[in-house]
Amino acid sequence: MSNQKPIPGTNGNHYVPYKERIGKESIVYFTRDLSAKGLLKVYNRIQEHLNGKVAVKLHTGEQHGPNIIPRPWVEELIKTQLPDATIVETNTYYEGDRYTTDQHLETLKVNGWTFCPVDIMDADGTVDLPVKDGKWFDHMTMGKNIVNYDSMLVLTHFKGHTQGGFGGSNKNIGIGCADGRIGKAMIHTTPGSDDMWDIAKEEFMERMTESAKAVVDHFGDQIVFINVMRNMSVSCDCEGTAAAPVVTPNVGILASLDILAIDQASVDLVYAMKEEDHHDLVERIETRHGLRQLSYMKELHMGNDKYLLIDVDHDDQQISLEDAVKDVVPFTK
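In this text the structure is predicted, and so the values were computed from the model without any measurement.

**Quick look at the overall build of the chain**
Helix and strand counts for the chain stand at 10 helices and 13 strands. A principal-axis box enclosing the C-alpha atoms of the chain has dimensions of 50 × 45 × 35 Å. Counting every position in the chain, which comprises 333 residues, the buried fraction comes to 59%. For the chain, long-range pairs separated by at least 24 residues make up 78% of all intrachain contacts whose partners lie at least 6 apart in sequence. Separation between the mean location of the 33 positive side-chain charges and that of the 50 negative ones in the chain comes to 1 Å.

**Considerations on the side chain of E202**
Counting through the fold element by element, E202 comes out in helix α6 (residues 201-219). One buried charged residue, E202, forms no salt bridge at all, with the nearest opposite charge on R292 at 6.5 Å. Each residue touching E202, except ones within four places of it in the same chain, is listed here: P8, G9, T10, N11, G12, N13, H289 and R292.

**Some points on α6**
Taking 1.5 Å per residue, 19 residues should reach 27 Å; α6 reaches 28 Å between its end C-alpha atoms and fits that length. Within α6, 16 of the 19 residues are buried, leaving the element largely enclosed by the surrounding structure. In the stretch just after α6, G220 is the one whose phi turns positive, near 60°.

**Things to note about the packing of aromatic side chains**
This model, assessed by the stated rule, comprises 5 aromatic pairs. Between Y18 and Y307, the aromatic rings sit 5.3 Å apart at their centres with planes inclined by 85°, giving edge-to-face as the arrangement. Pair noted here: Y18 is in the segment before β1 (25-31) and Y307 is in strand β12 (residues 306-311), with a separation of 289 residues, a long-range link. For the pair W113 and F115, a centre-to-centre distance of 6.0 Å together with 55° between the ring planes defines the contact as tilted. Look at W113 and you get buried, because its relative accessible area is 4%. R181 extends its terminal NZ or CZ atom over the ring of Y99, reaching a point 3.8 Å from the ring centre. Above the ring of W73, the side-chain terminus of R230 is found at 5.5 Å from the ring centroid.

**Quick word on the environment of A123**
With respect to the helices and strands, A123 occurs in the loop between β4 (118-120) and β5 (126-130). Relative accessible area serves as the criterion here: at 34%, A123 is assigned to the partly exposed category. Separated by 56 residues in the primary sequence, A123 and N67 have C-alpha atoms spaced 26 Å apart.

**Describing the sheet that holds β12**
Within a sheet, neighbouring strands are paired by backbone hydrogen bonds and run either parallel or antiparallel to one another. Strand order in the open sheet formed by 9 strands is β4-β3-β2-β7-β10-β11-β1-β12-β13, with mixed pairing between adjacent strands. Every other strand in the sheet has two partners, leaving β4 and β13 (317-318) as the edge strands with one partner each. With 2 bridges joining them, β12 and β13 adopt antiparallel strand pairing. Each residue of the ladder has a partner; that of I310, found in β13, is Q318.

**Quick notes on the environment of L308**
Mapping L308 onto the fold places it in strand β12. Considering only alpha carbons, one finds L308 and S26, 282 residues apart in sequence, at a separation of 6.2 Å. Apart from residues lying up to four places away in sequence, L308 is in contact with E25, S26, I27, V28 and Q318.

**Some remarks on the pairing of strand β6 (residues 139-143)**
Within β6, 4 of the 5 residues are buried, which leaves it mostly tucked inside the rest of the structure. Pairing between β5 and β6: 5 bridges, direction antiparallel. Directly across from P130, in β6, lies its bridge partner H139.

**Structural notes on the state of the cysteines**
In the structure shown here, the tally under the stated rule is 0 disulfides. As a non-bridged cysteine, C116 has C177 as the owner of its nearest cysteine sulfur, 16 Å distant. By relative accessible area, C116 is classed as buried at 13%. On the basis of relative accessibility, which here comes to 0%, the residue C177 falls in the buried class.

**Considering the packing of helix α1 (residues 36-43) against helix α2 (residues 71-81)**
Packed helices, taken two at a time, are described by the angle their axes make and the gap between the axes. Running from amino to carboxyl end, α1 crosses α2 at an angle of 45°, the nearest separation of the two axes being 8 Å. Judged on the interaxial angle alone, α2 and α1 are oblique. Crossing of α1 over α2 shows right-handed handedness. In this structure, α1 contributes A36, L39, L40 and Y43 to the contact, and α2 contributes W73, V74, E76, L77, T80 and Q81. Here the residues of the contact of α1 with α2 sort into 7 nonpolar, 2 polar and 1 charged.

**Observations concerning the environment of Y149**
Tracing the backbone shows Y149 in the loop between β6 and β7 (151-157). Overall, the relative accessible area of 6% leaves Y149 in the buried class. For the pair Y149 and Y93, spaced 56 residues apart in sequence, the C-alpha to C-alpha distance is 23 Å. Those residues in contact with Y149 that lie beyond four places of it in its chain are K53, V54, A55, T86, V88, D119 and F219. Among the polar contacts made by the side chain of Y149, one reaches the side chain of D119 at a distance of 2.6 Å.

Calculation rules
Residues numbered from 1 in each chain as written. Predicted model: local features only at pLDDT ≥ 70, side-chain atom pairs only at ≥ 80, totals over all residues. Heavy atoms only, no water. Helix = DSSP H or I, 4+ residues; strand = E, 2+ residues; numbered from the N terminus. Buried < 20%, exposed > 50% of the residue type's maximum accessible area, 1.4 Å probe, protein only. Contact = heavy atoms within 4.5 Å. Lys, Arg positive; Asp, Glu negative; His and termini not counted. Charge placed at Lys NZ, Arg CZ, Asp CG, Glu CD. Salt bridge = Lys/Arg side-chain N within 4 Å of Asp/Glu carboxyl O. Expected span 1.5 Å × (residues − 1). Phe/Tyr/Trp six-rings, centres within 6.5 Å; stacked < 30°, edge-to-face > 60°. Lys NZ or Arg CZ within 6 Å of the ring centre and 35° of its normal. Pairing = 2+ DSSP bridges. Disulfide = S-S within 2.5 Å. Axes fitted to C-alpha atoms, helices over the stretch in contact; angles between N-to-C directions. Parallel < 35°, antiparallel > 145°, perpendicular 65-115°, else oblique. Left-handed = near helix turned anticlockwise from the far one by under 90°. Nonpolar A, V, L, I, M, F, W, Y, C, P; charged D, E, K, R; others polar. Polar contact = N/O pair within 3.5 Å; in protein donor to acceptor, adjacent residues only side chain to side chain.

Here is the structure:
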């Protein structure tokens, strides 16, 4: 790494339409079925890449958080398909319900994550994973126990995010596998700063993405991704009951072997909605320059921003983004 501070990229507030992208295409599976059954449907399309000891990286939420992936869906998936899997998490950088391991364990009980083992990966220390071709980092400090797993299912509630604009698979592992004290500080805070959140916009997106790349590279072809587009508040699940009310319509569930393709498709589905339906979430994404997550993943060769959207509800037909969201309805509790 150079001693000279890197220069962040630009245009994190600029959405690139699909027709303007170049490169290869990946596969993204899609169902409108927001249920345990729908989750199983898309999981079955990617499950053969999970072998050995499986980690399920899930945002288990602050106490009583209203928008996390419904616990019964996850319970059915794990009990029927992954009976030996472990949900994995790390402690938070901010003080709250999951700041210490003891607090975190209590929050897991409150939220009902008691039907399978849950490993707080940084409870007993850290491990450094290499960041290949990074400009901010040559390594990222992760929860130590990440190296105990052979494969990982990244099971993500797609939503807005106060700092990142949106939280998809990239955020789930980029922030969520970094340990609570060292790794998360490397992403969020300039050393010596009095503001723990002083790193923002494009620089933050790039740091978070380099952390995610360390995880993706570690697992190789044994990491898969599911994004659940439901209860998409502009606030992250980290905000728990204080999250902003949901106004964006529910869409469905996506699955892919490609982290960039699945996050790009999730963002594209938001942009494909009517303006009155997507206004708040698009504003959150663009004001935080969150689209830099996508362009930087492409620069780091983490995947493709072009993809075939495969409708598993209708005989695996390829569908357009517009078809996928044409029947969404205004959000209601």
